[in-house]
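Residues per chain are reported as follows:
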Amino acid sequence: MSIDTYQTIAKPSIGLFKEKGSKFLSFAYPVKSEEEIKGILLNIRKEHFSARHCCYAWSIGIQNQRFRINDDGEPSGTAGRPIYGQIQSNKLTNVLIVVVRYFGGTLLGVSGLIQAYKKAAMDAISNSEVINQTIEYLFQIHFDYGVMNELMHIIKEEQLEIVKSQFDLQCFISFKVRSAKRKDMEAQFGKLSGINSMEIIQD
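Regarding unusual backbone geometry
In most cases, non-glycine residues show a negative phi, while peptide bonds are predominantly trans.
Alright, step 1. Non-glycine residue Lys-20 carries a positive phi angle of around 50 degrees.
Alright, step 2. Tracing the backbone through its elements, the reader meets Lys-20 in the loop between β2 (13-19) and β3 (22-30).
Alright, step 3. Its identity as a non-glycine residue notwithstanding, Asp-72 has a phi of 45 degrees, on the positive side.
Alright, step 4. Mapping Asp-72 onto the fold places it in the loop between β5 (66-70) and α2 (80-89).
Alright, step 5. A residue is classified by how much of its surface remains accessible, and Asp-72, at 29% relative accessible area, is partly exposed.

Examining the packing of α2 against helix α3 (residues 109-126)
Alright, step 1. At their nearest, the axes of α2 and α3 sit 8 Å apart, and the two run at 35 degrees to each other. The two elements α2 and α3 meet at a crossing, and its hand is right-handed. Two secondary-structure elements touch here, α2 through Pro-82, Ile-83, Gln-86 and Ile-87 and α3 through Ile-114, Tyr-117, Lys-118, Ala-121, Met-122 and Ile-125.
Alright, step 2. Here the residues of the contact of α2 with α3 sort into 8 nonpolar, 1 polar and 1 charged.

Re the pattern of salt bridges
Oppositely charged side chains can form a pair if their charged atoms are brought close together.
Alright, step 1. Within the structure shown, the criterion is met by 6 salt bridges.
Alright, step 2. Lys-38 is the salt-bridge partner of Glu-35, the closest N and O atoms lying 3.5 Å from each other. Note that Glu-35 and Lys-38 are positioned in helix α1 (residues 34-47) at a spacing of 3 residues, about one turn of the helix. Summarising the burial analysis for this pair, Glu-35 and Lys-38 share the class exposed.

So, the environment of Ala-10
Alright, step 1. Within the fold, Ala-10 resides in the loop between β1 (5-9) and β2.
Alright, step 2. Counting along the chain gives 96 residues from Ala-10 to Thr-106, while the straight-line C-alpha distance between them is 36 Å.
Alright, step 3. With residues near it in sequence (within four places) discarded, Ala-10 still touches Pro-30, Glu-129 and Ile-131.

Considerations on α1
Alright, step 1. With 14 residues, α1 extends 20 Å from end C-alpha to end C-alpha; this agrees with the ideal 20 Å at 1.5 Å per step.
Alright, step 2. When α1 is considered as a whole, its buried residues turn out to be Ile-37, Ile-40, Leu-41 and Ile-44. Along the long axis of α1, the arc covered by the buried residues comes to 100 degrees, so they all point the same way. More than 90 degrees from the buried face of α1, the exposed residues found are Glu-35, Lys-38 and Lys-46.
Alright, step 3. In this structure, the buried residues of α1 make contact with β3, β4 (53-60) and β6 (95-102).

Remarks on the sheet that holds β6
Two modes of strand pairing occur in sheets, parallel and antiparallel, and in both the strands are linked by backbone hydrogen bonds.
Alright, step 1. A sheet is described by the order of its strands in space; here 5 strands give the open sequence β2-β3-β6-β4-β5, paired in antiparallel fashion. The open sheet is flanked by β2 and β5, the only strands paired with a single partner. Across the sheet, the axes of successive neighbouring strands diverge by a mean angle of 15 degrees, strand direction being ignored.
Alright, step 2. Both β4 and β5 contribute to a ladder of 5 bridges, which runs antiparallel. Bridge pairing in β5 links Tyr-56 to Asn-70.
Alright, step 3. Strands in contact with α1 are β3, β4, β5 and β6; relative to β4, the strand with the most contacts, it is inclined by about 160 degrees.
Alright, step 4. Together, β4, β5 and β6 form the strand contacts of α2, whose direction differs from that of β4 by roughly 35 degrees.

Rules and cut-offs
- Residues numbered from 1 in each chain as written.
- Predicted model: local features only at pLDDT ≥ 70, side-chain atom pairs only at ≥ 80, totals over all residues.
- Heavy atoms only, no water.
- Helix = DSSP H or I, 4+ residues; strand = E, 2+ residues; numbered from the N terminus.
- Buried < 20%, exposed > 50% of the residue type's maximum accessible area, 1.4 Å probe, protein only.
- Axes fitted to C-alpha atoms, helices over the stretch in contact; angles between N-to-C directions.
- Left-handed = near helix turned anticlockwise from the far one by under 90°.
- Contact = heavy atoms within 4.5 Å.
- Nonpolar A, V, L, I, M, F, W, Y, C, P; charged D, E, K, R; others polar.
- Salt bridge = Lys/Arg side-chain N within 4 Å of Asp/Glu carboxyl O.
- Expected span 1.5 Å × (residues − 1).
- Arc of directions from axis to C-beta.
- Pairing = 2+ DSSP bridges.

So this is what it looks like as structure tokens:
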């Protein structure tokens with residue numbers, strides 16, 4: 001895996017672990033924002049309203065990774081932490097894993113809970129397709145018409161993917177650049193006269 005790629009899952013998957021009558025249903029989702037996560041959690045809680053616990057962990061971001069864990073009433077450190085441990089051990093990001101517990105009447109103890117949430121999370125990941133994604137930045141450039149040929153020459157030479165363009169009185173183009181090429185592209189476009197503005201955001 002190169003320095004400008006990361007691992008995530010291709011699409012949602014489910015898993016299951018049973019222990020002493022308790023059922024641990026696990027759900028893994030590819031995600032990109034906390035707003036998206038809030039919506040997923042709301043839907044799961046609605047669907048599994050009779051479940052005793054709805055525990056989860058998530059990780060978002062590439063260079064500046066953010067994460068959160070939640071035990072949802074289970075003893076501290078017995079649910080969210082082992083779920084997050086599986087995200088880490090599989091080197092995933094931009095992922096949410098939720099484990100819903102239906103209590104079976106028998107207490108599992110701290111070590112039993114840790115193992116149950118770990119294995120449930122592990123099952124959801126094992127049932128998913130782990131993929132490599134490229135870290136890309138979206139360049140948005142406003143420029144004078146006279147510089148268009150030079151600009152397009154660089155884009156063609158570097159085989160950059162154009163997302164949107166407008167060649168009129170106000171010329172505009174946006175295209176994707178791999179993280180490893182970002183500095184070089186900034187330097188090349190920065191040398192051109194006729195560039196009115198250049199905005200760079202992570203895709």
